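Understanding the architecture of this molecule
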Amino acid sequence: MRGGQPRAARDALQRLIERFPDDRECELARYDLARLAFEAGEWQAADEQLAALRRTTDPALVELAASLDCRVAYARREQARAATCFEAFRKRFPRSPHDGEMLAQLAALRFEKGCEQVRTLLTEYLARYPRGPFAATAARGLERCAPHE
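Notes on the structure follow. Remember, predicted model here, so these are calculated numbers, not experimental data.

Reading the values: rules and limits
- Residues numbered from 1 in each chain as written.
- Predicted model: local features only at pLDDT ≥ 70, side-chain atom pairs only at ≥ 80, totals over all residues.
- Heavy atoms only, no water.
- Disulfide = S-S within 2.5 Å.
- Helix = DSSP H or I, 4+ residues; strand = E, 2+ residues; numbered from the N terminus.
- Core = buried A, V, L, I, M, F, W, Y, C linked by side-chain atoms within 4.5 Å.
- Buried < 20%, exposed > 50% of the residue type's maximum accessible area, 1.4 Å probe, protein only.
- Contact = heavy atoms within 4.5 Å.

Tallied over the full model, the rule gives two disulfides. The disulfide bridge from Cys70 ends at Cys85, spanning 2.1 Å between sulfur atoms. In this structure the cystine formed by Cys70 and Cys85 twists about its S-S bond by roughly -90 degrees; its chirality is therefore left-handed. Within this pair, whereas Cys70 is found in helix H4 (residues 59-75), its partner Cys85 is found in helix H5 (residues 79-92), the two being separated by 15 residues in sequence. Note on cysteine connectivity: Cys115 is disulfide-linked to Cys145, with sulfurs 2.1 Å apart. Between Cys115 and Cys145, the S-S torsion sits near -75 degrees, and that sign places the bridge as left-handed. Here Cys145 lies in helix H8 (residues 135-145) and Cys115 lies in helix H7 (residues 115-128), a separation of 30 residues in the sequence.

Judged by nonpolar contacts, the single largest core of 23 residues is most densely connected at Cys70, Phe86, Phe89 and Tyr125. Elements with a minimum of two residues in this core: H4, H5, helix H6 (99-110), H7 and H8. When residues in this core are grouped by element, the largest group, six residues, is from H6. Among residues more than four places away in sequence, those in contact with Phe86 are Cys70, Tyr74, Met102, Gln105, Leu106 and Leu109. Among the nonpolar cores identified, the runner-up in size contains 11 residues, and Leu53, Leu61, Leu68 and Val72 belong to it.

Quick look at the structure:
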């Protein structure tokens, strides 16, 4: 994967899962397969790997898989599923390093429902992540939603 050969990485990870299906490392391999599929735009394949991870008890992997699951739903334009996923993720992992991204994506989904729905989310984003990667976009969104006199 680090060598920039996703197909070779995918094959190696698949062989690991086939050879050692009960090994804990298989969960990590499934996450990496899901990530590779996501990066390739193969949403169904990503979903399949993530479904197998829903039973994991590894706290770090649970959070990573949940984050990727939300990103897949958003990329697939499954708006209801993505919004529910973002909200659930933020409740379950309030101190996650992925919280800013989840909040920004949730705000992007809410924009379609109008400014009343999104203003609170954008304000929260800017308060929590004033220098975050989505701060400029959030500020523009708030400006767009400001009442005009």
